[in-house]
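Here are the chains, one letter per residue:
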Amino acid sequence: MFSRALGLVAVVGCAVASIAADYDLVIRNGRVIDGTGNPARFADVAIKDGRIVAVGRVTANVSREVDARGLVVAPGFIDVHTHAEDIDELPLGENFVRMGVTTLVLGNCGGSIRNVAEFFHRLEATNISPNVSTLIGHGTVRGRAMGGDFDRPPTAQELTEMKRLVEQGMNDGALGLSTGLIYLPGTFSKTDEIIELAKVAAKHGGVYASHMRSESGKIFDSLDELFRIAREGALPAHVSHIKLSGKSNWGQADKVLSAIERARAVGLDITQDEYAYTASSTSISTLIPKKYREGGKFAERYADLKIRAQMTKDMKSTRERGGAKDYSYAVIAEYKKDRSLNGLNIAQAAKKLHRSGSLTTQIETILEIQNNGGASAVFHGMNEEDSQKFMQHPNTMLASDSGVRKFGSGVPHPRGYGNNARIFARYVRELHVLRPEDAIRRMTSLPATTFQIKNRGVLRDGAWADIVVFNLEKVQDNATFNDPHHYATGFAHVFVNGVEVVKDDQHTGAKPGQCVRRALD
């Protein structure tokens, strides 16, 4: 009788154990900010098979629970402006996911992977931590179609080839078209050319994102060009990393935003993004007039002493017009030829190399660096008041303009490690420029809606379980301009497609990221 009872208990026990959990994970007791801009509320979030299946009071059977008491639970952040084309080489994307970014948009400023399908297939074969999407770059397709001869309009045949490449990129899942109109080869393109390519992206429901021709003295002309492309191309247009560069241009943020609002009032769909710093970062080559860089013949022109003297003269004139007396605002981030210059501004580098910090010697140093392979640099040229005004606009997204960081390499802009965390630490918690709900909306549902990234950027039933759990009182950016290689802190959990990639500010090593194709689930 006793053994028969034991057997019955064993059978019952097996039956109980075999009951499948209703959910893989429930995040309990958190302060849920769902990404829409709605007020925070206390709720549980349940996940099953990589998706959110319930937000509210959850009492069903569950495999794992996370106690988020005292923490914010929000959608994973979407960074719409990255240069993370090397994600296949650094697949953990650690600098991004450790500040809560779960989806990256690549292909900005006119430079992208040309074969989107092949790139996505490679990522899917090797696995990555964050989700990845891309734009198709105008500069990339222009370079492919026109070779090295750029200071002219494309021939009819070349324009047809450019359209074909944009069409291919869109068919492969690109989110839209990007331009970088201060960079080669895009800087030589005319507006009509861009409109023709924008029409191809528009046919597929894509967006047009532009690093405009000017972010300084000619910014209003540049905005007018963007508005025209949006109007005649019949697609949404997005201003990449909106800013006013150069002291002589400061104080015009209200005027810039008014121009955008007027465009929206007549039916154009215009948005913008911004990073949380008053310094930009790009190639040092942008300090050199474009006519000297065209066609890949800079070295040849540099070797001609007469042309080099004219370069110096032109660059001096540019400094006088820009309102800065010299190039000390530009700090070398990564110069492979001589890494001892990394972290020095141009004036300091000139003194180290040539024992003189004169303007002429600074220009000689810039030209020398470019002739030796070039360098990336950080440019301190923006105003905090302007930046805050841009940030407060409801259609401004918050994006890093960063690539994947190789920890300890160079002296890069700190935004790659700290941008999203800095928003909360400085602009939400310290300065009260944004409410938490507003900041999160700018990182989640606003970019998802604008770039047509489906089922991400919100906490709701059916959405992918890209979720960040963080301490609003402790979240902190730790990277500085002088000492940038520090990850953000304050992130208890970051989930990508329901899989934990960050736990207690440490990367778990998991690589659950997906390639996110335009308008696909």
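Being a predicted model, the structure only gives us computed values, none of them experimental.

**Quick look at the overall build of the protein chain**
- The helix and strand inventory of the protein chain stands at 16 helices and 21 strands.
- Taken over the C-alpha trace, the protein chain has a radius of gyration of 25 Å; the compact-globule value for 521 residues is 24 Å, and the two agree within 12%.
- In terms of overall dimensions, the protein chain has a C-alpha envelope of 110 × 50 × 40 Å along the principal axes.
- Counting over 521 residues, the protein chain shows a buried share of 58%.

**Points about the sheet that holds strand S16 (residues 376-380)**
- If you walk across this open sheet you meet the 3 strands as S14-S16-S15, and the pairing is antiparallel. Here the strands that pair on one side only, and so sit at the sheet edges, are strand S14 (279-283) and strand S15 (330-334). Sheet twist, expressed as the mean angle between neighbouring strand axes with direction ignored, is 30°.
- Pairing analysis gives 5 bridges linking S14 to S16, with the strands arranged antiparallel. Residue Ser283 lies in a different strand from S16, and its bridge partner there is Ser376.

**Quick notes on helix H6 (residues 191-203)**
- With 13 residues, H6 extends 18 Å from end C-alpha to end C-alpha; this agrees with the ideal 18 Å at 1.5 Å per step.
- Among the residues making up H6, those that are buried are Thr191, Glu193, Ile194, Ile195, Leu197, Ala198, Val200, Ala201 and Ala202.
- Buried residues along H6 sit against helix H4 (138-146), helix H5 (156-171), strand S10 (176-180), strand S11 (207-211) and helix H7 (219-233).
- Remark: Gly205 follows H6 within two positions and exhibits a positive phi of approximately 80°.

**Thoughts on the packing of H4 against H6**
- H6 packs onto H4 with a crossing angle of 105° between their chain directions and a minimal axis gap of 12 Å. The orientation of H4 with respect to H6, classified from their angle, is roughly perpendicular. Between H4, through His138, Val141 and Arg142, and H6, the contact on the second element is made entirely by Glu193, Ile194 and Leu197.
- Its residues placed into classes, the contact of H4 with H6 shows 3 nonpolar, 1 polar and 2 charged.

**Focus: the pairing of S10**
- Counting buried residues along S10, 5 of its 5 residues qualify, which places the element largely inside the surrounding structure.
- By the bridge criterion, 2 bridges tie strand S9 (residues 136-137) to S10 in an arrangement that is parallel. Bridged to Ile136 within S10 is Leu177.
- Bridge analysis of S10 against S11 gives 5 bridges, and the strand direction is parallel. Note that in S11 the partner of Ser178 across the bridge is Ala209.
- Once you follow S10 into H6 and on to S11, the crossover reads as right-handed.

**Overview of the confidence of the model for the protein chain**
- Summing up the model confidence of the protein chain, the mean pLDDT is 94 and the portion of residues at 70 or higher is 96%.
- Mean pLDDT values over the elements of the protein chain span from 39, in helix H1 (residues 2-17), up to 99, in strand S6 (residues 77-79).
- When the criterion is pLDDT under 50, residues 1-18 qualifies, and its contacts beyond four places in sequence or with other chains add up to 0 contacts.

**Overview of the environment of Gly70**
- In this structure, Gly70 sits in the loop between strand S4 (65-67) and strand S5 (72-75).
- On the accessibility criterion, Gly70 (65% relative accessible area) is exposed.
- The spatial distance from the C-alpha of Gly70 to the C-alpha of His204 is 44 Å, given a sequence separation of 134 residues.

**Some details on the pairing of strand S18 (residues 467-470)**
- Of the two faces of S18, the one carrying Ile467 and Val469 and the one carrying Val468 and Phe470 are both buried.
- Two strands pair when backbone bridges link them, and S5 and S18 are joined in this way by 4 bridges, in the antiparallel orientation. Its bridge partner being in S18, Val72 is matched across the sheet by Phe470.
- With 4 bridges connecting them, S18 and strand S19 (residues 491-496) associate as antiparallel partners. Looking at S19, one finds that Ile467 is bridged to Phe495.

**Describing the packing of helix H11 (residues 346-354) against helix H12 (residues 359-371)**
- Running from N to C, H11 and H12 cross one another at 85°; their axes reach a closest spacing of 9 Å. What the angle tells us is that H11 and H12 run roughly perpendicular. Facing H11, whose interface residues are Ile346, Ala347, Ala349, Ala350, Leu353 and His354, H12 presents Thr361, Gln362, Thr365, Ile366 and Glu368.

**Brief notes about the packing of aromatic side chains**
- Applying the stated rule across the entire model yields 12 aromatic pairs.
- With 5.9 Å between their ring centres and 35° between their planes, Phe77 and Phe424 make a pair best called tilted. A residue pair is termed long-range when its members are at least 10 positions apart, and Phe77 in strand S6 and Phe424 in helix H14 (residues 415-430) qualify at 347 residues. Comparing Phe77 with Phe424, the two get one shared label, buried.
- Above the ring of Trp464, the side-chain terminus of Arg51 is found at 3.9 Å from the ring centroid.
- The side chain of Lys255 reaches across the aromatic face of Phe220, ending 4.8 Å from its centre.

The rules behind the values
Residues numbered from 1 in each chain as written. Predicted model: local features only at pLDDT ≥ 70, side-chain atom pairs only at ≥ 80, totals over all residues. Heavy atoms only, no water. Helix = DSSP H or I, 4+ residues; strand = E, 2+ residues; numbered from the N terminus. Rg over C-alpha atoms; globule rule 2.2 N^0.38 Å. Buried < 20%, exposed > 50% of the residue type's maximum accessible area, 1.4 Å probe, protein only. Pairing = 2+ DSSP bridges. Axes fitted to C-alpha atoms, helices over the stretch in contact; angles between N-to-C directions. Expected span 1.5 Å × (residues − 1). Contact = heavy atoms within 4.5 Å. Parallel < 35°, antiparallel > 145°, perpendicular 65-115°, else oblique. Nonpolar A, V, L, I, M, F, W, Y, C, P; charged D, E, K, R; others polar. Right-handed = clockwise from strand over helix to strand, strands pointing away. pLDDT = per-residue confidence, 0-100. Phe/Tyr/Trp six-rings, centres within 6.5 Å; stacked < 30°, edge-to-face > 60°. Lys NZ or Arg CZ within 6 Å of the ring centre and 35° of its normal.

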